[in-house]
Amino acid sequence: DTAVSQTPKYLVTQMGNDKSIKCEQNLGHDTMYWYKQDSKKFLKIMFSYNNKELIINETVPNRFSPKSPDKAHLNLHINSLELGDSAVYFCASSLTQGAGTEAFFGQGTRLTVV
Amino acid sequence: SQQGEEDPQALSIQEGENATMNCSYKTSINNLQWYRQNSGRGLVHLILIRSNEREKHSGRLRVTLDTSKKSSSLLITASRAADTASYFCATDGKDSGYSTLTFGKGTMLLVSP
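Not measured: the values here are computed from a predicted model.

This brings us to the state of the cysteines. One pass over the structure, following the stated rule, counts two disulfides over all chains. Note that Cys23(A) is cross-linked by a disulfide to Cys91(A), the S-S spacing being 1.8 Å. When the S-S torsion is -75°, as for the bridge of Cys23(A) with Cys91(A), the disulfide is left-handed. Of this pair, Cys23(A) sits in strand β3 (residues 19-25) while Cys91(A) sits in strand β9 (residues 87-94); the two residues are 68 residues apart in sequence, bridging distant segments of the chain. Residue Cys23(A) is classed as buried on the basis of its relative accessible area, which comes to 1%. Paired by a disulfide, Cys23(B) and Cys89(B) hold their sulfur atoms 2.0 Å apart. One disulfide, between Cys23(B) and Cys89(B), carries an S-S torsion of 65° and so falls in the right-handed class. Pair noted here: Cys23(B) is in strand β3 (residues 19-24) and Cys89(B) is in strand β9 (residues 85-93), with a separation of 66 residues, a long-range link.

This is the structure:
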């Protein structure tokens, strides 16, 4: 059973297109995240949702719009894709929003914008 | 902003040797966590050490935390080829209103048979 699953695993698309990445967790966690990992492996938080509510938005361009239909799902929609959006995007979840909780990560979605 | 900085960036050792990775951070923390990332995979949580703890063990892993120096180390003893991966420290900040993990750039560990 996959704890945090995200689809697709690979996404190749042209500049200007709109794409979505889906994420689901079956751990019963309250909090979900999107992270971006660049080509140098630097991992940076983009968004955090707690019980479907946005609690962290880290200066991400508004072309990126997360949506959480329920606390088990956090999808990421990206409009007008740019070359610089190429990266690996990770979804993660944690039991609560509080300090001291470990994060469980999905396998990542490698987005390549050409 | 980037919080943790791992050192070294890359480490190559033989099976059976110990591997030590260091992490430095800048602001006050609630806890510090170490994660492993195998090539092409997601991150896997290894160990968490709280700000009031100085040392913690889990199997072949030993983590230390020195809050006065704002640094942590991860020691993997008797390394195996399967330990080959990137290792990241992540700090759970104390100042922010919400708990957020801030990751360093990672140490790439290569364990040769």
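It is worth spelling out the nonpolar core at this point. Residues and elements named next belong to chain B. In this structure, Met-21, Leu-32, Trp-34, Leu-74, Ile-76, Tyr-87 and Leu-109 are the most contacted members of the largest nonpolar core, which totals 21 residues. Breaking this core down by element, the ones donating at least two residues are β3, β4 (29-37), β5 (43-50), β7 (61-66), β8 (71-76), β9 and β11 (107-112). Once residues lying within four places of it in the same chain are set aside, the contact partners of Tyr-87 are Glu-6, Met-21, Tyr-35, Arg-36, Leu-46, Leu-74, Ile-76, Gly-106, Thr-107 and Leu-109.

We now examine the sheet that holds strand β8 (residues 73-78) of chain A. Residue and element names in this part refer to chain A. Here four strands make up an open sheet; going across it, the order is β1-β3-β8-β7 and the pairing antiparallel. A single partner strand is all that each edge strand has here, and the edge strands are β1 (4-7) and β7 (64-70). The average angle at which neighbouring strand axes cross in this sheet is 15°, direction not considered. As paired elements, β1 and β3 share four bridges and run antiparallel to each other.

For the rest of this paragraph, the subject is the sheet that holds β8(B). Residue and element names in this part refer to chain B. An order of β1-β3-β8-β7-β6 is seen for the five strands of this open sheet, with the pairing classed as antiparallel. One side of each edge strand has no neighbouring strand; the edge strands of this open sheet are β1 (5-7) and β6 (55-58). When the angles between neighbouring strand axes are averaged without regard to direction, this sheet yields 20°. Relative to β7, β6 runs antiparallel, the two sharing four bridges. Each bridged residue has a counterpart across the sheet, and for Glu-55 the counterpart in β7 is Thr-64.

Further remarks concern the side chain of Ser79(B). Residue and element names in this part refer to chain B. Looking at where Ser-79 falls in the secondary structure, it is placed in the loop between β8 and β9. Ser-79 gets classed as buried once you look at its relative accessible area, which sits at 3%. In terms of polar contacts, Ser-79 uses its side chain to reach the backbone carbonyl oxygen of Glu-17, at 2.8 Å. Residues within four places of Ser-79 in sequence aside, it is in contact with Ile-13, Gln-14, Glu-15, Gly-16, Glu-17, Arg-60 and Val-111.

Residues and elements named next belong to chain A. Mapped onto the secondary structure, Asn-75 falls in strand β8. Within the structure, Asn-75 has its side chain in polar contact with the backbone nitrogen of Cys-23 (distance 3.3 Å). When sequence neighbours within four positions are dropped, the list of residues in contact with Asn-75 reads Ile-21, Lys-22, Cys-23, Trp-34, Ser-65, Pro-66, Lys-67 and Pro-69.

The rules we used
- Residues numbered from 1 in each chain as written.
- Chains lettered and ligands numbered in written order.
- Predicted model: local features only at pLDDT ≥ 70, side-chain atom pairs only at ≥ 80, totals over all residues.
- Heavy atoms only, no water.
- Disulfide = S-S within 2.5 Å.
- Helix = DSSP H or I, 4+ residues; strand = E, 2+ residues; numbered from the N terminus.
- Buried < 20%, exposed > 50% of the residue type's maximum accessible area, 1.4 Å probe, protein only.
- Core = buried A, V, L, I, M, F, W, Y, C linked by side-chain atoms within 4.5 Å.
- Contact = heavy atoms within 4.5 Å.
- Pairing = 2+ DSSP bridges.
- Axes fitted to C-alpha atoms, helices over the stretch in contact; angles between N-to-C directions.
- Polar contact = N/O pair within 3.5 Å; in protein donor to acceptor, adjacent residues only side chain to side chain.

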